[in-house]
Structure formats: structure tokens, C-alpha cells
Amino acid sequence: MDMNAPIGQNALDDPKSIVGKPLDRIDGRLKVTGAARYAYEFAQETTTTYGYVVEAAIGKGRIRSIDTRAAERSPGVVLILTHRNTPGQGTGSHHEAHPVLTDANVNYYGQPAAFVVAETFEQARAAAYLVRVDYERVAGKYALESNLKYAGSPPAQEGQPHPDSAVGDFTGAFASAPVQLDVTYTTPLQSHAMMEPHASMAVWEGDKLTLHTANQMLSQGQEAVARTLKMPVENVRLISPFIGGGFGGKLWVNADAILAAIAARQLNRPVKTALTRQQIFHVTTHRSDTVQRIRLGTDRDGRIVAIGHDVFSGNLPSEQSFETAAMQTRTLYVGANRLTRHRLVPLDIPIASSMRAPGEAVGMLALECAMDELAAKLNLDPIDLRIRNEPTEDPEKHIPYSSRHLIACLQEGAKRFGWDKRNPKPGQVADGRWLVGMGVAAASRGNPLRTSKANVRLDPDGILTAKMAMTDIGTGTYTIMTQIAAEMLGLPPDRIRMELGDTRFPEAAGSGGSFGAASAGSALFDACETLRAKLAGAAGMDPKAARFADGNIEAGGRSKRLTDLVGNAGMEADGEIGPGTTLKDFSQQSYGAHFAEVAVDMDTGEIRLRRMLGVFTAGRILNEKTARSQAIGGMVFGIGAALEEGLNLDPRFGHFVNHDLAEYHVPVHADVPVIDAVFLPELDTKSNPLKSKGIGELGISGAGAALANAIYNACGARVRDYPITLDKVLTVLPVQA
Amino acid sequence: MDNDDRRVRVTRRTVLESGTATAALMLTGFPEVALSAEPLSDKAVAPVAVDLQINGQSHTLHLDPRTTLLDALREHLALTGSKKGCDHGQCGACTVLLDGRRINSCLTLAVMHDGQSITTIEGLADGATLHPLQAAFIAHDGCQCGYCTSGQICSAAGMLGESRAGMPSYVTADLAEARPELTDAEIRERMSGNICRCAAYPNIVAAIREAAGTPT
Amino acid sequence: MKAFTYERAETITRAAAAAVKPGTKFIAGGTNLLDLMKLQVETPSQLVDINRLPLDKIEDTSDGGLRIGATVRNSDLAADPRVRRRYGVLSRALLSGASAQLRNKATTGGNLLQRTRCYYFYDVTKPCNKREPGSGCAALGGFNRIHAVLGTSELCIATHPSDMAVAMRALDANVETLDAEGKARSIPIADFHRFPARTPQIETMLKPGEIVTAVTLPPPPPGTQIYRKVRDRASYAFALVSVAAIVDAAGGRIRSARLAFGGLASKPWRVAQAEERLAGASADAEAFDGAANAVLDGARGYGHNDFKVPLARRTLRAVLTEATRA
């Protein structure tokens, strides 16, 4: 079905529904016992070989010569791939798989220059260091801020939001606004830093390839691999039942997969490879840094009359994706005159791509701090300012919201957090040698839906098996899908066998962009609906009147065992969901409010979060336990973005100097004190049959801004350059007593 | 952006700078790093025999001495529960217990542990009965993607032992105190060597707090 | 990681003798050495495993101090009741370093010998005079937020990353060694680490084959002991600035002070003049500033690390205020 009309009452609306209940993660036991297997861990033959990537060590130029003789003579080495002996590849859908080792050109630092395969990991690694690459460097453009003059408009893409938007007369309205704020924020290069390194194991049987690979979107990945390797899609199988985190870093097919596949074909032996932690930062994608100018003009009561957001981000000249940081600015607050523009700067650094909440994650670091600055300027409470600017319809598209409860989130959060205890004047509250402050920010994230399919089969033994080429990257997909299927067929969860992570199953949306649960879950819902109708037919009952409970179907006072209806072969049904007109007719976002209390050491400027609360609305919550975990996870990403994370570019080499987890800081246990996430009840009938909205990225959207605003409230430092490290607040700290 | 201008500039530079060390100096300020004049090929390595007691079972392996304890577990014994997240002691996913003490198995060589006893995530449960930490991690949703989970649980097991033995931490106010109380702040500090990018941190702390009260 | 031969040493003298062979490294905890070997920053051809040598004891010395064996693990040293009661600054410094897993492995000797965390040192494709003499220092004109502001040379601005050694410097520890001929010597920790000067690749006074056998601590000096570590995240991060302080004060007057600093220099930093200025002074802002001036005399930033100078000043002020309170 396509989502062309609001959804009426359905089976999930039953107040006793298992959907929404805090069911323990059904793959929990596999994970806590170490039995869940990831791409690098599949049973291997003794013939399996190990691959190790050699990265280009210059930012831009070409390989003048590459000497592999010493490496070839090194013990255990069975193959060295370079551009000289690597077969040509298809370029196909460029953003989904990048051909490797195509020629001598080096387009970015860390681009694979060679791939060494040996009998053991130790041998491959040692030999990789024996590969001698002689480069011819050319000057490259590396740093975003020093190359803004080369910025251009990214091409508008089919199905993607246009890079520019304008409503009314922004320039005139801003110039004449009684209250004006014009501020520029910068956010740094960031890395997904998921715990499982990108890894693949390639096994060929004849002309058929099986690729165990850490990938968030298997169906798309299957096609990308096929196009890149110039082979029929049906001859490519991707398997990925467990993925050790992705956050966007495993959306696409990365070099590990293509290199392993090519080497395995040449060797006619299985090849497995994992990027080293150091390599991940350059070989795979990152989030671009941004320069963001925000202009807000209001009347004397704080009603926005002009809102503008200009965003610069960077990417390789061959790439068109840009950081969509102003998308929420188009829809979050009122204002008759509006202007948003995204500009892309061609840079010769590794590929920039999606990282958790692309756009919102960094856009709201700017917008939601600008709102805080505006509130201070107007002498208004920041929550009050947002209430004054709450729209009744989407201010650019002039369409209704599918559902929107931002104010409720702000008010409920304020009550729970004790917002009334905040002193609006900065630098007033001390606790020992700490200055303490509170901050608030709105959360908002677009709610997409993608095409997805599912298959279900009920067998005579009472087991319902559901199959989808869907992934669970830690989001809880296995669990929520189990709950949906259990509810739809009236079966206990232990009667559901959820099979994901294999492209032999029906093509699915995959995990990304907060569309996974809605898309795959709706496809499963649709398949279950069809199965219900079939079962009702077999029972001679009216499908509309039939109730499914305890393994039975009931209608009109009659009851039948489902297992008696499915025959010896079992009964099967397919389902499908596709986006439809409700995405155009309704402005769809999930919403929330972040509250943070931080302390700033008045001697050293050290900034520590003390407590944090997120209150969200995201349609139907499919599992309140895993949803809370995911929301908290997003909020902690926000803590990292606010306080710690940033890749430091060295513009002489075009590389990221802090390319490991010792120096690219992500939050550790000690950085995360009391923190909670709460969902307020909501059903969104326009979003999808589940009436849910995406939650994977809502938690990060705006989270860091709440910390930044709390830092300002604590010590009076308005830092517009993320991350907010202690050196940036040192100068405003009080003179020591 | 003016594409043509850029192409011209690049071409000129290429011509001017190709093939000389000075060229690199102009671009990076450094001469090309000389590749060290090491012998061209790596020497073959004779395997070394090592006896490891893993989860109560004795294993004799013949290993390249470069093999880390982590790779010995994962690649030679198919005990893939211990994870490789960074291979440099910067994430904690590889944490195992060595004679009861938690260590990063990625930063030690298997040959260094001849005759020693190692407990991995696969050895924590008692048959079908989960270790209290494992059960608590499920109940409190202490994992999402699961990749750091083995390390978190082994680390927590080691940490609880350290705590019971009276080990202080950086946040212990009075170091002279014989048995510092295991507050949430103490758990967080002591577990900070285990990164969870999904950030199940509050749930992990809750799970550990619960298991800390359960005798093992 | 290049291939190497592995040997387990049975006696200390045998270990020292074996290590005379060029390309030999001792391995104990291995937490830094293997880290660097995987990146081919260290390329030993032979490893001598000293984990089973009888160097793992902490003993009382006749003068009321402690003798800490070279392979005593950082966690065991931090948890030793004598260290916790009498050398709190050392226990706290150890506990501030790395993670519990690493501290369970890392040893006293290895911690002293750990190498800098300079990003460019860790990356063999980049110039680094410490790793490859004569190749240049990429940190000087590069990203140098974590680098040194004191004791640098035009060839190297790397810091020494240890917390433990900073506390030991404040405690006037001595490093005991045995050379290949079986001769023992004791090196004051002040002399143990070298300035980078013209030879940043030579970091300590150790000769080839010379093995650290122990660190001795004199009896604890009187006064309050504090280790304050300032860093970018709450745990599991190297120091931007750290201060080890032992301050004996009463009634608003300072009798004596010992101050050592981490994160600022190529070696644990200590300035006698600063301590002399404090001895006998009243515990006030003027005295604290005077001490800070003496410590930071000659300090210079290299751009991204400029903030370390005011940060060190403020941190010292906070530590001295805390140490002289009440």
C-alpha cells in the first residue's frame, strides 16, 4: 500500500496491544553472551585469507609509482591489489558504492591505494607497511572556512529538498525588524565512531558472491555491489544479521566490501577484512563541518518576522550531498519572510555524508542557540519565546502538520526539570567552585517513509516467520517487529521468528534517516493484514470482524485455531509500503524539548553535564524501553557534539590528525550522569499505518544546543564554535579569588 | 566557483612540482618522509606454542608471536564474543578477565600468557543460567548494537571484584577509606574505559547497580 | 607489526644481557609498546618479556619510604594501602590515568617509559624528529593543541603523557636500574627524562640493555597532597594540564611546597624557584601568582596550545588555594 490517506482505527490501537510495551530486546540474550555474530565473525574455512588496506598518504595528487615487490615477498602474502591489476568497475549509483583502485589519482587522503591479502592478519598487516608508494602531490583545497569563496549551489535532486527556499521579502523584513540577531555558528568535522569497524567477508561460489558485511541498507547495498562489480543483482547476496552501530557510517557500501569481493574473486578463496580504527576516519565517510549564519528579526514582542539560515558545508568535487542544516529552520517557527540557502564547497578531503540526523544535528546546534540568544536579547524566557513563535501550519509549505506537540514537550519538560528554578541572568549560580546553569532547546526531525517489503508465513507448528532484508543496527528492529507481528496475529512473541539481515528476503528500506521502523514495520503490518484476511477467509469469517488472540481467530461467536487453518504447507502473505501523498499534504516531523544542567569549573573552565532530560512526541511508541534507550543515545551524541567531538584537519596534508578513539573524543560513562527521556502519548495517522514517527535521530536534534545554552547560563560565555571545550570559556571565567 | 581557473592552476602546479622533494616541501613544508631503509622483506616467523586456560578449558595453540590475545580468541579459537573495536586499548570492547582481572585483550600478546587463565564473555554464564550481570543487562536494556556489550559485561565483572577488594577510583573522595562505597558516580568512573557509542550508559549503570547487589 | 623473536626472561641479569642486542625491547604491560608496534612506530626485532621477573613487589624501605618493583601494575600501586595513606598524590595520579583495564596491565617501569601522544609521532607517514630524526616536526606548524609549552626545542614540542611520573617527580622518586654488565644505579627522576633539545628521539638516561628494576620513594614529605588533572572529558583522556602538589601550610603560612606539572612539557615539570618563593610565604594571591610566574617562565604556545599557559596558571592557583585552606 502507498500512504495516500490518513489511517483509521486499526489492530494496533487495542489498548492491550503488545506494541508499545517495554518488551526486553529479543536479541538481548545473544548479545550479552557474545553469541551475536557480526560481519567479521562468520564461520570461515581454513582457506580464508585476510585483507589489509593501504591508504593514500597525501590529500591530492597521483601515485607516481607503487612498489609492491617487498610486500609480495613477505611471508604469507597471496595477493596485492593496486590500480594496476584491479579490474574496472561500474560506477552505477555513485553514492552507494565507490569503485576502488581505479587509477593513479588520489582524490582524498586515505583513499585506498593498495589492498594486501595474506594467509593471516598479522602477515597482511606487516606486508601492508612494505608497500612503497611514491606520490606526486598537487595543491588541494582542504579547509572549509578558508575556501568559502569557492562555494556553489548544489544541484537540486529529484525527491530531495531544494537547497534554497524563500518566502516573502526576507532582506527587507530583516532590515526593518525592530529586534535583530545576526550570528554565525561553526560546527566541526565529525565522525560516526560506531564501535564495530567496517568489515566484510567475501565468499564466491562460481559467479555468485556472498558478502557478510556491516551495512545498514542491504537491499540498496546489494544493487550497489552488483553495479560496481558489473554482475547481475541476483548473483549478489549481502548478509548482515547484526551490525555494531552505523549512525550513517554504514549506509553505503564501503571500500572494505568491494576490495574483499574483488580479491576473493581473483584468489578464488574467501577474503575477510576490517578497516583499522585509524583507517575508518579517512577511508569511510564523515559529517562535514559547517559555517552557519542565522538571522532572526522580530517585532518588539518577540514574534519572528524574518528568519534566515545560510549554510556552508564541504564535499569532494565529485559528490553532491551537502549538510542539510537549514531544513528545520524552514518549518520550526513562524515568520512571514524566510530565506534558507545551502552552499557546497568543493574540498579534497574524504567523502562527507550522512551522520545521525544529517542536517538537524548541526543545524539545530545553531538555530536553537540563536533562539536562546534572541530570548536573552528580548528579555524573554526561552520557552516563552518559542511559544510566541509556534506556527499553526507549516510556514513555508502552508500545509498542516501531521501532528505537532512541541509546546507540550517544552512545558512538560520544564515542569519535570524544575525550569522555574533557573536564574535567567548568567553566571549567578555557584556550587562550590562550579558555576551552574540550565539550558533548553527544541528538538525536531523530519519524518520520512520509504518503500519496504515483507513476507510472513504461519506454519502448522504455530510459528510465524517474518522475513525482510531489514537490519537491526542496535535500534531494536528485531524486537519491535516481533511485537508488531505478535499483535497482528494474536500470538505470543516467542511464537514469532524474525529473520532479518539477508538480501534473500524481501527488499527493505534498511536502517537510516529515522525511516527504518516506520517503513519496515508498515510493510510487516501490511503483510500481516493480508495474512489475517487469508486466515479469515479460510475460517469463513469476515476479516473486518475477526479478532486474533491466543493463537485463535474469533468472529461471530466462533473461534478457530490458526494452526488448523494454515494447512500442511503453512500460509504465506506479502506486504509492502510506499510513501504517498500524505508526505506532501502534511508537514511531518517528530518533536521534543531538551533540558540540560551543566557546571563550569570557575578555575579551569572544565564543563561537565550534571543532568539532562528529553521530552518527546514521536507518534506511537513501538517499545517504550528500546525507544527510551535510543532517544538517550541520541542525546548523548548531542553531549559529544556540544562538548567533545571534532576532527582536526591539518590543511598541509589534508588529513584528520586525531584519527583514533584516544584523541577523537566521544562521551564515556563519566560524561553521562543522570539522564532520562520521556515520550508523551501521540498517534500520527498521517505518517504510516503504525501511526509512529522516527525516533533514532530525534534525540540528537537540538540536544547539544541545550548544553550550549546551559553553558551560557552558567558562565556567560556564548561560544559559537563547537565543540565547546574549556579553552573557549577560559577568558570569561571570573578572576580567581 | 570557477572550475576552469582551478584546473589551470592545478595543471601548472603539477608541472612545476612533479618529481622533486622541493615540490613536496612547497606543499606541506616538509621533505618527503624518507621510507626507512629496513630490509625489504619481512622475515618468516616461527610459531610459538602457548597453553591458555580459557573459560576453564585448556588450549594449546601454535601462534605467530605477533598474535594478540584478542586475535587468538577470535581467529584461532572462534571465540568471537570478545570484540575488536579499536585494537589499541581506546574503547574496551575486547575486555576479558585475566586471572580474574579485567584487561584489554587487544593490547597483549597471547604468548605472554602461557599457562594463565582467561575468562571471556562466553565463559560467564553457568550453562543456561546467565551471569547476574548478563541478566541485568537484558532487563535494563544495557545494550543496543551489542558490539561493546561483551566488553562492558566483562569489565563490570572485573570492576565489581575490584570494588569488593576495596580498590579506590579517581573520584573516591577519601583514598584512605578501606572500602569506598560503589555509588553511581563511582561506577561511571570505573567503567569509563568501555565506550558505548549507542550510549546505553545510564542503562548499563542501572544494570551494574542491580547486579552489584546480587551475590555471584 | 614487524616480525620479532619473542623471549621470556627468567632472571633480571639475563634480561639485561639479552637486551644489548640492537632492536631489542623489553615488554611488560605492553599497553604502549604494542599500540605503537601495530602502527609500525616501534619496530623491535626482539621482545624480551619481563613479566615473570621478581619485580612485582612493593616493599618498605629502611628510611620509611617505599620501593616499587618495575612490574608492579599501576592499579596495584594505586590500591596499595601504604600508597593510599602516605602518597595520596601518587595514588590519585595513577587512578586518573587511562582506564582500569589499562592500569591492570601497565607497569611502573613502562609508565615511566611511555612515549608521547603527539598525533604526528603516531603516524609514520608524517614527519617527526622523535620517530625519524631529521624528518622535521609536523606539530610545530600543525595542529598542536595537546603539545608542550615548556622545555620544547625547535625539533620537538611533544609532551610526556604520564600522570604517575608527575606525582613521582613531586615526590623526588629515584629510578633504579641494572645495566647489561649487572651494574645497578639510581637515577633521580628529575634527571631520568631528557629535554628534546637536538635529540628528541632520546627520551631517557637509560643505556642500551639497561633495565628499570624499581622506583624508590623517599619518606612522604609533610603536607597536603593533591593531584589535579584537567582534561577534555571527564575520564579516559590525557591531561591538558595536571598539577601534583604537596603543600605544608598552617595558619595561612606555607612552610614548604612541591609542585610538579603534567601536560606542559616534554618531561614532568618542576621548578625549584617556584617552590622557593612559596616556602615561608603567606598563602595569598601574590604568593600563588609569584609561583605561577616562576613555573611558566619562558613558556610559549604554538597556536592551538596557547591556552595551556593561562590554564596552568589558573589550575595552580586553584590547587594552592585548596591545599592551604583551613
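Just so we're clear, the structure is a prediction, and the values are computed from it rather than from any experiment. Here the residue index of a chain counts from 1 through its sequence in written order. Chain labels run from A onward and ligand labels from 1 onward, assigned in the order the entries are written. Note on the predicted model: pLDDT of at least 70 is required for a residue's local features to be given, and 80 or more for side-chain atom pairs to be given and counted; whole-chain, interface and lining totals, by contrast, use all residues. Calculated side-chain values reflect all of the structure's heavy atoms, with hydrogen atoms and water omitted.

Engineer: Please explain the overall build of chain C as it appears in this structure.
Structural biologist: Assigned secondary structure in chain C consists of twelve helices and twelve strands. A compact globule built from 326 residues should have a C-alpha radius of gyration of about 20 Å, and chain C, at 19 Å, falls within 12% of that. Counting only C-alpha atoms, chain C reaches 60 × 50 × 35 Å along its principal axes. Three exposure classes are used, based on accessible area relative to the maximum for each residue type with a 1.4 Å probe and protein chains only: buried under 20%, partly exposed in between, and exposed over 50%. Counting the 326 residues in chain C, one finds 66% classified as buried. In short, Shrake-Rupley with a 1.4 Å probe defines the accessible areas, and a residue's cover is counted only from the protein chains shown. On chain C, roughly 10,700 Å² of surface is accessible, and the fraction owed to carbon and sulfur atoms is 51%. Both charge centroids of chain C, one from 45 positive and one from 32 negative side chains, sit 4 Å from each other. Secondary structure counts use DSSP, requiring at least four H or I residues in a row for a helix and at least two E residues in a row for a strand, with both numbered from the N terminus. Using C-alpha atoms as the atom set, the radius of gyration is obtained and then compared with a globule rule of 2.2 Å times the number of residues to the power 0.38. In summary, the charge assignment counts Lys and Arg as positive and Asp and Glu as negative, without counting His or the chain termini. To locate a charge, the coordinates of NZ of Lys, CZ of Arg, CG of Asp or CD of Glu are taken.

Engineer: Teacher, can you tell me more about the domain arrangement of chain C here?
Structural biologist: Structurally, chain C comprises domain 1 (5–49) and domain 2 (224–324). Taken over C-alpha atoms, the centre of domain 1 of chain C sits 36 Å from the centre of domain 2 of chain C. These domain boundaries are the output of an automatic or database domain assignment.

Engineer: Can you walk me through the pairing of strand 6 (residues 174–178) of chain C in this structure?
Structural biologist: Each regular strand carries side chains that alternate between the two faces of the sheet. Residue and element names in this part refer to chain C. In terms of burial, strand 6 is a largely internal element, four of the five residues being buried. Two strands pair if DSSP finds at least two bridges between them. Of the strand pairs in this sheet, strand 6 and strand 7 (residues 184–188) are connected by five bridges, and their pairing is antiparallel. Directly across from glutamate 176, in strand 7, lies its bridge partner serine 186. Between strand 6 and strand 7, which pair antiparallel and follow one another directly, the connecting turn spans five residues, one of which, glycine 182, has a positive phi of 85°. For strand 6 and strand 8 (residues 211–217), the ladder comprises five bridges, and the chain directions are antiparallel. Bridge pairing in strand 8 links valine 175 to valine 215.

Engineer: So what exactly am I meant to see when it comes to the side chain of Gln483(A) here?
Structural biologist: Residue and element names in this part refer to chain A. Here glutamine 483 is to be found in helix 11 (residues 477–489). Of the residues examined, glutamine 483 reaches a relative accessible area of 0% and is grouped as buried. The term polar contact refers here to a pair of N or O atoms within 3.5 Å; inside protein, the definition further demands a hydrogen-donor-capable atom paired with an acceptor-capable atom, and it admits residues adjacent in sequence only when both atoms are side-chain atoms. Reaching out from glutamine 483, the side chain makes a polar contact with the backbone oxygen of lysine 21 at a distance of 2.9 Å. Once you skip the residues sitting within four places of it in the chain, glutamine 483 turns out to touch Ile18, Val19, Gly20, Lys21, Leu23, Leu622 and Asn623. The contact criterion used is simple: two residues touch if any of their non-hydrogen atoms lie within 4.5 Å.

Engineer: Is there a simple way to think about the interface of chain A and chain B in this case?
Structural biologist: You'll often see interface size given as the accessible area lost when the parts meet. Between chain A and chain B, the contact holds 78 residues from the first and 72 residues from the second. Once two parts are brought into contact, the accessible area they lose, counted with a 1.4 Å probe and summed over both, makes up the buried area. At the boundary of chain A with chain B, total buried surface from both sides reaches about 6,200 Å², with 57% on carbon and sulfur atoms. Of all residues in chain A, the largest losses of buried area upon contact with chain B belong to Val32(A), Met195(A) and His669(A), amounting jointly to 14% of the total for that side. A pair is scored as a salt bridge if a Lys or Arg side-chain nitrogen falls within 4 Å of a carboxyl oxygen belonging to Asp or Glu. Linking chain A with chain B are five salt bridges, by the criterion used here. Between Arg74(B) and Glu41(A) there is a salt bridge, with the nearest N and O atoms lying 2.8 Å from each other. Counting the contacts that link chain A with chain B gives 27 residue pairs in polar contact (both at pLDDT 80 or more). Secondary structure elements with two or more residues in the side of chain A that touches chain B: helix 1 (28–32), helix 2 (69–73), helix 3 (121–128), strand 6 (132–137), helix 7 (277–283), helix 14 (624–643) and strand 29 (674–679) of chain A. Residue contributions to the side of chain A that touches chain B peak at nine residues, all from helix 14 of chain A.

Engineer: Looking at this structure, I do not really get the pattern of salt bridges. What am I missing?
Structural biologist: Where charged atoms of side chains with opposite charge meet at close range, the side chains can pair. Residue and element names in this part refer to chain C. Enumeration over the complete set of coordinates arrives at 78 salt bridges over all chains. The closest approach of N and O atoms between aspartate 60 and arginine 86, which form a salt bridge, is 3.9 Å. You can see aspartate 60 sitting in strand 4 (residues 58–60) and its partner arginine 86 sitting in helix 4 (residues 81–86), a full 26 residues away along the chain. Its relative accessible area of 25% is what places arginine 86 among the partly exposed residues. Bridged by salt links that share partners, the residues Lys25, Glu42, Arg115, Lys130 and Glu203 form one connected network.

Engineer: Would you mind showing me how to read the packing of helix 4 (residues 132–139) of chain B against helix 5 (residues 149–164) of chain B here?
Structural biologist: Between two packed helices, what matters for the description is the angle formed by their axes and the separation of those axes. All names here are of chain B. Lines are fitted to the C-alpha atoms to define the axes, a helix being fitted only along its stretch in contact, and any angle between axes, read from their N-to-C directions, falls within 0 to 180 degrees. Running from N to C, helix 4 and helix 5 point in directions that differ by 130°, and their axes come no closer than 10 Å. Looking at the two axes, helix 4 sits oblique to helix 5. You can see that helix 4 and helix 5 cross each other, and the crossing is right-handed. Contacts from Leu133, Gln134 and Phe137 in helix 4 reach Thr149, Gln152, Ile153, Ala156, Ala157 and Leu160 in helix 5. In the scheme used here, Gly and all other residues not listed as nonpolar or charged are polar, with Ala, Val, Leu, Ile, Met, Phe, Trp, Tyr, Cys and Pro taken as nonpolar and Asp, Glu, Lys and Arg as charged. Here the contact of helix 4 with helix 5 is composed, by residue class, of six nonpolar, three polar and no charged. We call two directions roughly parallel when the angle between them is under 35 degrees, roughly antiparallel when it is over 145, roughly perpendicular when it lies between 65 and 115, and oblique otherwise. Should the near helix be turned anticlockwise from the far one by less than a right angle, the crossing is termed left-handed; should it be turned clockwise, right-handed.

Engineer: How do you make sense of the packing of aromatic side chains when you look at a structure like this?
Structural biologist: Between two aromatic rings, the relevant description is the distance of the centres plus the angle of the planes. We call Phe, Tyr and Trp rings a pair once their centres come within 6.5 Å, taking the six-membered ring for Trp, and we label the pair stacked below 30 degrees between planes, edge-to-face above 60, and tilted otherwise. Taken as a whole, this structure holds 16 aromatic pairs over all chains when the rule is applied. Measuring from ring centre to ring centre gives 5.5 Å for Phe242(A) and Tyr478(A), while their planes differ by 35°; the resulting arrangement is tilted. In this pair, Phe242(A) is assigned in the loop between strand 11 (236–239) and helix 6 (255–267) and Tyr478(A) in helix 11, connecting sequence segments 236 residues apart. Just as Phe242(A) is buried, Tyr478(A) falls in that class too. Taken together, a centroid distance of 5.7 Å and an interplanar angle of 75° make the contact between Trp419(A) and Phe595(A) edge-to-face. Placement of Trp419(A) in the loop between helix 10 (406–417) and strand 16 (430–431) and of Phe595(A) in strand 25 (residues 589–601) is noted, with a sequence separation of 176 residues between them. The buried category is assigned to Trp419(A), whose relative accessible area is 7%. Of the residues examined, Phe595(A) reaches a relative accessible area of 0% and is grouped as buried. Put simply, the rings of Tyr38(A), Phe242(A), Tyr478(A) and Tyr147(B) touch in pairs and so form one group of aromatic residues. Consider the ring centre and the ring normal. A charge sits over the ring if Lys NZ or Arg CZ is within 6 Å of that centre and within 35 degrees of that normal. Stacked on the ring of Phe42(A), the Lys or Arg Arg37(A) has its end atom at 5.3 Å from the ring centre. We note Lys84(B) situated over the ring of Phe121(A); from NZ or CZ to the ring centre the distance is 4.0 Å.

Engineer: Sorry, what's going on with the domain arrangement of chain B here?
Structural biologist: All names here are of chain B. The assigned domain composition of chain B is domain 1 (48–123) and domain 2 (132–212). Computed over C-alpha atoms only, the centres of domain 1 and domain 2 are separated by 21 Å. Each side of the interface is counted separately: domain 1 has 16 residues, and domain 2 has 17 residues. Buried surface at the junction of domain 1 and domain 2, summed over both partners, amounts to about 1,200 Å²; 53% is from carbon and sulfur atoms. Put simply, domain 1 and domain 2 have one salt bridge between them. Residue arginine 102 pairs with glutamate 162 through a salt bridge whose shortest N-O separation is 2.7 Å. Joining domain 1 to domain 2, the criterion identifies eight residue pairs in polar contact (both at pLDDT 80 or more). For the side of domain 1 that touches domain 2, the leading source of residues is strand 3 (residues 95–98), giving three residues. For the side of domain 1 that touches domain 2, a count of residues per class yields five nonpolar, seven polar and four charged.

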